[in-house]
Amino acid sequence: MLHARARLGEGPIWDDQQQRLFWVDIYNHRLHKFDLATHQDTFWEFEDLVTGLALIDAENLVLAQRDGLSQLHLPTQRLTFLIDLESDQPDNRLNDLKCDRRGRLWVGLMNNHEEPKAKLYRYDPDGSLRVMETELSISNGLGWSPDDTTFYLTDSPAQKIYAYDFDLDSGQIHDRRVLIDLTSESFFPDGLTIDAEGCIWSAMWDGWCVIRFDAQGKELMRVPMPVQRPTSCTFGGPDLKELWITSAAVGLNQSEIQKGFYAGDLFCVGTDVVGSPNHTFNLMD
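Keep in mind it's a predicted model, so treat the numbers as computed, not measured.

Caption draft 1: Representation of the overall build of the protein. When helices and strands are counted, the protein shows 1 helix and 23 strands. Here the C-alpha radius of gyration of the protein, 17 Å, is about what a compact globule of 285 residues would show, namely 19 Å. Projected onto the principal axes, the alpha-carbon positions of the protein cover approximately 50 × 45 × 40 Å. Burial statistics for the protein: of 285 residues in total, 57% are counted as buried. Look at the contacts in the protein between residues 6 or more apart in sequence, and 43% of them connect residues 24 or more apart. Carbon and sulfur atoms form 45% of the exposed surface of the protein, whose accessible area is close to 12,100 Å². For the protein, the distance from the average site of its 25 positive side-chain charges to the average site of its 45 negative ones is 2 Å.

Caption draft 2: Region of the structure containing the packing of aromatic side chains. Applying the stated criterion across every chain, the model contains 11 aromatic pairs. Taking the centre distance of 5.4 Å and the plane angle of 50° together, the rings of Phe34 and Trp244 count as tilted. Taken together, the residues Phe34 in strand β3 (residues 30-35) and Trp244 in strand β22 (residues 242-247) connect sequence positions 210 residues apart. Of the two residues examined, Phe34 and Trp244, each falls in the buried class. Ring geometry for Tyr123 and Phe281: centres 5.5 Å apart, planes at 25°, overall stacked.

Caption draft 3: Spatial organisation of the state of the cysteines. Enumeration over the complete set of coordinates arrives at 0 disulfides. For the unlinked cysteine Cys199, the closest cysteine sulfur is that of Cys233, found at 13 Å. When its relative accessible area of 6% is taken as the criterion, Cys199 is described as buried. This cysteine, Cys209, is not joined by any disulfide, and Cys233 carries the nearest cysteine sulfur, 11 Å off.

Caption draft 4: Spotlight on the sheet that holds strand β19 (residues 209-213). The strand order β17-β18-β19-β20 describes an open sheet built from 4 strands, whose pairing is antiparallel. One side of each edge strand has no neighbouring strand; the edge strands of this open sheet are β17 (188-194) and β20 (219-224). Each strand axis lies, on average, 25° off the axis of its neighbour in the sheet, ignoring direction. The pairing of β19 with β20 spans 5 bridges and is antiparallel.

Caption draft 5: Representation of the nonpolar core within the structure. Formed by 30 residues in total, the largest nonpolar core has its most connected members in Leu69, Leu85, Leu105, Trp106, Leu120 and Phe151. Beyond its immediate chain neighbours, meaning those up to four positions away, Leu69 contacts Val62, Leu63, Ala64, Phe81, Leu82, Ile83, Leu85, Leu94, Leu97, Leu105, Val107 and Tyr123. In terms of nonpolar packing, the next biggest core, distinct from the first, is built from 18 residues, Ile26, Leu53, Leu72 and Ala248 among them.

Caption draft 6: View of the sheet that holds strand β23 (residues 267-270). If you trace the 3 strands from one edge of the open sheet to the other, you get β21-β22-β23, paired in antiparallel fashion. Two strands in the sheet have a free side with no partner beyond their single neighbour: β21 (230-236) and β23. Direction aside, neighbouring strands of the sheet carry axes that sit 25° apart on average. Of the strand pairs in this sheet, β21 and β22 are connected by 6 bridges, and their pairing is antiparallel. Across the sheet, the residue bridging to Ser232 is Thr246, located in β22.

Caption draft 7: Structural view of the pattern of salt bridges. Across all of its chains, the model carries 18 salt bridges by this definition. Between Arg122 and Asp124 there is a salt bridge whose closest N-O contact spans 2.7 Å. Given a relative accessible area of 3%, Arg122 falls into the buried group. Note that Asp124 is salt-bridged to Arg130, the shortest N-O span being 2.7 Å. Given the relative accessible area of 7%, Asp124 is considered buried. Here the salt bridges do not stand alone but share partners, grouping Arg122, Asp124 and Arg130 into one network.

Caption draft 8: Structural view of a nonpolar patch on the surface. On the surface, Met1, Phe261 and Tyr262 cluster together into a nonpolar patch covering about 310 Å² of accessible area. Note that Phe261 resides in the loop between α1 (254-259) and β23.

Rules used throughout
Per chain, residue numbering runs from 1 following the sequence as it is written. It should be noted that, the model being predicted, local features are given only for residues of pLDDT at least 70 and side-chain atom pairs only at 80 or more, the latter also being counted only at that level, while totals for whole chains, interfaces and linings use all residues. To obtain the side-chain values, all non-hydrogen atoms of the structure were included, while hydrogens and water were left out. By definition, any uninterrupted DSSP run of H or I lasting at least four residues is a helix, any uninterrupted run of E lasting at least two residues is a strand, and each is numbered from the N terminus. Each radius of gyration is computed over the set of C-alpha atoms, and the globule rule expresses the reference value as 2.2 Å times the number of residues to the power 0.38. Buried residues are those whose accessible area, probed at 1.4 Å on protein chains only, stays under 20% of the maximum for their type, while exposed residues exceed 50% and partly exposed ones sit between those limits. Contact definition: two residues touch when any of their heavy atoms are within 4.5 Å. To be clear on the numbers: accessible area is Shrake-Rupley with a 1.4 Å probe, and residue cover counts the displayed protein chains and nothing else. Positive charge is attributed to Lys and Arg, negative charge to Asp and Glu, and no charge count is given to His or to the chain ends. Here the site of a charge means atom NZ of a Lys, CZ of an Arg, CG of an Asp or CD of a Glu. A pair of Phe, Tyr and Trp rings is counted when the ring centres sit within 6.5 Å of each other, with Trp represented by its six-membered ring. The angle between the planes then sorts it: under 30 degrees is stacked, over 60 is edge-to-face, the rest tilted. Our working definition of a disulfide is a cysteine sulfur pair at a distance within 2.5 Å. Two strands make a pair as long as DSSP finds a minimum of two bridges between them. To obtain each axis, a line is fitted to C-alpha atoms, and for helices this fit is confined to the stretch in contact; angles are then taken between N-to-C directions over 0 to 180 degrees. As used here, the term nonpolar core means buried Ala, Val, Leu, Ile, Met, Phe, Trp, Tyr and Cys residues forming a set that is joined through side-chain atoms within 4.5 Å. Any Lys or Arg side-chain nitrogen found within 4 Å of a carboxyl oxygen on Asp or Glu counts as a salt bridge. Patches here: salt-bridge-free residues with over 30% relative accessible area, like charges joined within 9 Å, nonpolar side chains (Val, Leu, Ile, Met, Phe, Trp, Tyr) joined within 5 Å.

Rendered as structure tokens:
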């Protein structure tokens, strides 16, 4: 466990080549890097929100902020603007993002409207941008099955995780259906990751746990957490058997923080399953 005290820890991405974990603290405008060899956590601060990231190579990341994507060159901390996403919509901001196996970047947005008006975009290596889904509240928890035939998308306020048919070659999604319905629960599905067996691990906001579901949506197990608001998770470590979990303290009152003293910290849980690796964004020059 890392005593990070993040306000809203999110978006963990494991860099398997360099054996390090990147993650963000959205409301403190920070990008974190945890080095497994040294157990040192380093962070960089930015002027605006940092909502997520994706890997490009050992020295470069895609950094998502309030309403746009930039390329971050780590050695110099130089930001190069890539594309704007809905800067004309002040109630919207970028949220979860993840790359598919072909190096396309999927970017979800969230909004503050009572009616669901957020979208899911696909940003391709050639610089093109496509709307893939609409009428979402918080586009969250993205992932693909190990055989790349199914795409998963979480809409947190709706308390649902959707599954779509996915075509790897075209990057298209079809036939949305509710895979996991948590409307009978008091908590909300947030970020997720997929293991090599095709099971879904979803962090439960206000649920004090991470839940593992099989590919048919059946709950298999709950990993109890010492914090009320786990936010996202990814597999890492030398053999991809460590589940790294971010958490949040934002919105908790004093008594809730005392009950969940480690709110905002970063956690690592050993498992007996192998995770799926994170893919990189194939940025074209």
